[in-house]
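Inside the fold
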Amino acid sequence: MPVPSNAITALHQQIRACTVCAAALPLGPRPVVQFSSTSRLVIISQAPGTRVHQTGIPWHDDSGARLRQWLGMDDATFYDPARVCLMPMGFCYPGKGRSGDLPPRRECAPRWHQQILDLLPPNHLTLLVGNYAQKTYLPQRARASLTENVRDAEQFLPDFFPLPHPSWRSTIWIRRNPWFEEKTLPALRRQVQQCLSAA
């Protein structure tokens with residue numbers, strides 16, 4: 001049964017109005033998320049950076065450009081909520097730590113993720129970008145490293161496909177793990193194409 005459009009609109013409004021973490025957010029709340037009832041590709045990542053916080057556009061930064069290159073996807077498709085759900089572990093910019101941005105706020109995922117996932121088609125594919133998403137959605141792999149998860153990515157199909165975070169730090173990781181570009185990326189693109197073509 002199709003999800004009523006007013007249910008989608010209502011959830012978007014609730015998320016945009018969320019102030020649960022306001023006191024802990026240095027730039028204030030600005031939840032960034034994208035979804036619709038027909039999103040068949042779900043991308044779960046970490047949390048917005050400062051540039052995304054400023055624009056309100058998910059993955060609107062260098063990491064997003066690299067992610068789209070990995071996916072073999074153009075901007076129009078990536079930013080089409082009818083096809084792609086963009087759902088970070090933390091919806092707002094968490095602030096700076098000693099070695100980069102702070103971890104995603106823990107309140108977001110349990111508060112909003114399942115509500116969003118319940119509105120999506122049952123046969124969606126979820127890309128788990130980075131350690132935070134993988135530790136949450138692959139609890140049986142809690143002791144596995146990100147490298148192990150990504151190397152074994154096809155074992156988690158048809159539900160999940162783990163990926164490293166496409167930040168500048170991944171450049172060094174890719175050099176150390178040439179199989180990622182040789183084997184993982186072609187497999188990723190095949191899965192993404194199959195997922196979107198089924199929409």
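Residues numbered from 1 in each chain as written. Predicted model: local features only at pLDDT ≥ 70, side-chain atom pairs only at ≥ 80, totals over all residues. Heavy atoms only, no water.

**Topic: empty space enclosed by the protein**
This structure, assessed with the given rule, holds one cavity of 30 Å³ or more. In this structure, the largest cavity occupies an estimated 70 Å³ of space. As for the largest cavity, its lining consists of 13 residues, and the residues nearest its centre are Cys-18, Cys-21, Pro-31, Cys-92 and Cys-108. A total of three residues in the lining of the largest cavity trace back to one element, the largest contributor, which is helix α5 (residues 108-117). (1 Å grid on protein atoms, 1.4 Å probe; cavity = no way out; pocket = protein on both sides within 12 Å on 5 of 7 lines; lining within 4 Å. Points joined across faces, edges and corners; volume = space filled by probe spheres on them. Helix = DSSP H or I, 4+ residues; strand = E, 2+ residues; numbered from the N terminus.)

**Points about the sheet that holds strand β6 (residues 160-163)**
The pairing of strands in a sheet happens through backbone hydrogen bonds and is either parallel or antiparallel. The strand order across the open sheet formed by four strands is β2-β1-β5-β6, and the pairing between neighbours is parallel. The two strands at the open ends of the sheet, each matched to only one other strand, are β2 (84-88) and β6. The sheet shows a mean angle of 20° between the axes of neighbouring strands, taken without regard to direction. Taken together, the five bridges between strand β1 (residues 41-45) and β2 define a ladder with parallel strand orientation. Among the inter-strand pairings, Ile-43 is bridged to a residue of β2, identified as Leu-86. Lying on the sheet, helix α9 (residues 179-197) is in contact with β1, β5 (125-129) and β6; it crosses β6 at an angle near 140°. (Pairing = 2+ DSSP bridges. Axes fitted to C-alpha atoms, helices over the stretch in contact; angles between N-to-C directions. Contact = heavy atoms within 4.5 Å.)

**Quick notes on α9**
The end-to-end C-alpha separation of α9 is 26 Å, in line with the 27 Å expected for 19 residues at 1.5 Å each. Of all the bends in α9, the largest measures some 30° and sits at Leu-185, one to four residues before the proline Pro-186. Looking only at α9, the buried set comprises Trp-179, Phe-180, Thr-184, Leu-185, Ala-187, Leu-188, Gln-191, Val-192, Cys-195 and Leu-196. (Expected span 1.5 Å × (residues − 1). Bend = angle between axes of the 7 residues up to and from the residue. Buried < 20%, exposed > 50% of the residue type's maximum accessible area, 1.4 Å probe, protein only.)

**Here's the deal with unusual backbone geometry**
Residue Pro-158 is reached from Leu-157 by a cis peptide bond, and omega for that bond is 10°. Of note, Pro-158 is situated in the loop between α7 (146-151) and β6. At Trp-59, a residue that is not glycine, the phi angle is positive and equals roughly 55°. You can see Trp-59 is positioned in the loop between α2 (50-55) and α3 (62-71). A relative accessible area of 8% places Trp-59 in the buried class.

**Remarks on the pattern of salt bridges**
All told, the structure shown has five salt bridges when counted by the stated rule. In this structure, Arg-105 and Glu-107 form a salt bridge, with 2.9 Å as the shortest nitrogen-oxygen distance. Classification of Glu-107 by relative accessible area gives partly exposed; the value is 30%. Between Arg-141 and Asp-152 there is a salt bridge, with the nearest N and O atoms lying 3.0 Å from each other. Of this pair, Arg-141 sits in the loop between α6 (131-137) and α7 while Asp-152 is found in the loop between α7 and β6, placing the two residues 11 residues apart along the sequence. Overlapping salt bridges, with partners in common, bring together Arg-141, Arg-151 and Asp-152 in one network. (Salt bridge = Lys/Arg side-chain N within 4 Å of Asp/Glu carboxyl O.)

**Examining the nonpolar core**
Counting residues in hydrophobic clusters, the biggest one holds 28 residues, and the most contacted among them are Leu-41, Ile-43, Leu-71, Leu-127, Phe-180 and Leu-188. When residues of this core are assigned to their parent elements, the largest contribution, eight residues, is made by α9. Contact partners of Leu-71, with chain neighbours within four places excluded, come to Ile-43, Phe-78, Leu-127, Leu-188, Arg-189 and Val-192. In terms of nonpolar packing, the next biggest core, distinct from the first, is built from 24 residues, Met-89, Phe-91, Cys-108 and Leu-119 among them. (Core = buried A, V, L, I, M, F, W, Y, C linked by side-chain atoms within 4.5 Å.)

**Side note on the pairing of β1**
Looking along a regular strand, one sees side chains alternate from face to face of the sheet. Summarising burial for β1: five of the five residues are buried, a large majority. Burial of β1 is two-sided: the residues Leu-41, Ile-43 and Ser-45 facing one way and the residues Val-42 and Ile-44 facing the other way are all buried.

**Re the layout of surface pockets**
Approximately 1,100 Å³ is the volume attributed to the largest pocket. Gln-46, Ser-63, His-165, Ser-167 and Arg-169 are the residues nearest the centre of the largest pocket, which is lined by 38 residues in total. Of all the secondary structure elements, the ones that give two or more residues to the lining of the largest pocket are α2, α3, β2, β4 (100-101), α6 and α8 (170-176). Looking at the lining of the largest pocket residue by residue, the class counts come to 20 nonpolar, 12 polar and six charged. There is about 240 Å³ of room inside the second largest pocket. Along its surface, the second largest pocket is lined by Met-89, Pro-103, Pro-104, Arg-105, Arg-106, Ala-109, Pro-110, Tyr-132, Lys-135 and Thr-136. (Nonpolar A, V, L, I, M, F, W, Y, C, P; charged D, E, K, R; others polar.)

All quantities given are derived from atomic positions and should not be read as evidence of function.
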